[in-house]
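Single-letter residue listing:
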Amino acid sequence: MRCCTVAKSVALALLDDGLAGEGTELSVHIVGVERPARAIGASPCDVEGKAMRQ
C-alpha cells in the first residue's frame with residue numbers, strides 16, 4: 001500500500017450492506033450541518049500503519 005493523501009474531508013461510518021452500496025449518495029450531519037456524502041468501496045485509511053513507519 002502506498003502512502004497518499006485524498007485531498008478531501010473524510011468521515012467514517014458503518015452502513016448496513018442493504019442500504020448503501022458503493023457510489024450511493026448520502027447526507028451526513030457534521031457538527032449540526034447537513035452535508036452531502038458518497039459511499040466508497042475501499043477505505044482510504046492505512047489500516048496496517050505503514051505510512052507511520054516510513
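What comes next is a walk through the structure. (Residues numbered from 1 in each chain as written. Predicted model: local features only at pLDDT ≥ 70, side-chain atom pairs only at ≥ 80, totals over all residues. Heavy atoms only, no water.)

All right, on to unusual backbone geometry then. Its identity as a non-glycine residue notwithstanding, Val31 has a phi of 50°, on the positive side. By the secondary structure assignment, Val31 is in the loop between β1 (25–30) and β2 (33–38). A relative accessible area of 82% places Val31 in the exposed class. (Helix = DSSP H or I, 4+ residues; strand = E, 2+ residues; numbered from the N terminus. Buried < 20%, exposed > 50% of the residue type's maximum accessible area, 1.4 Å probe, protein only.)

We now examine the pairing of β1. For β1 and β2, the ladder comprises six bridges, and the chain directions are antiparallel. Paired with His29 across the strands is Glu34, a residue of β2. In sequence, β1 turns back onto β2 through a hairpin of two residues, with Val31 there showing a positive phi of about 50°. (Pairing = 2+ DSSP bridges.)

Here we come to the environment of Ile30. Secondary-structure assignment places Ile30 in strand β1. Sequence spacing of Ile30 and Ala11 is 19 residues, and the spatial spacing of their C-alpha atoms is 9.1 Å.

Turning our attention to the environment of Thr24. Residue placement: Thr24 occurs in the segment before β1. Thr24 sits 13 residues away from Ala37 along the chain, and the two C-alpha atoms are 8.4 Å apart. With near-sequence residues (within four places) excluded, Thr24 lies in contact with Leu19, Ala37, Arg38 and Ala39. Among the polar contacts made by the side chain of Thr24, one reaches the main-chain carbonyl oxygen of Gly21 at a distance of 2.7 Å. (Contact = heavy atoms within 4.5 Å. Polar contact = N/O pair within 3.5 Å; in protein donor to acceptor, adjacent residues only side chain to side chain.)

As far as function goes, none of this settles anything; it's purely spatial.
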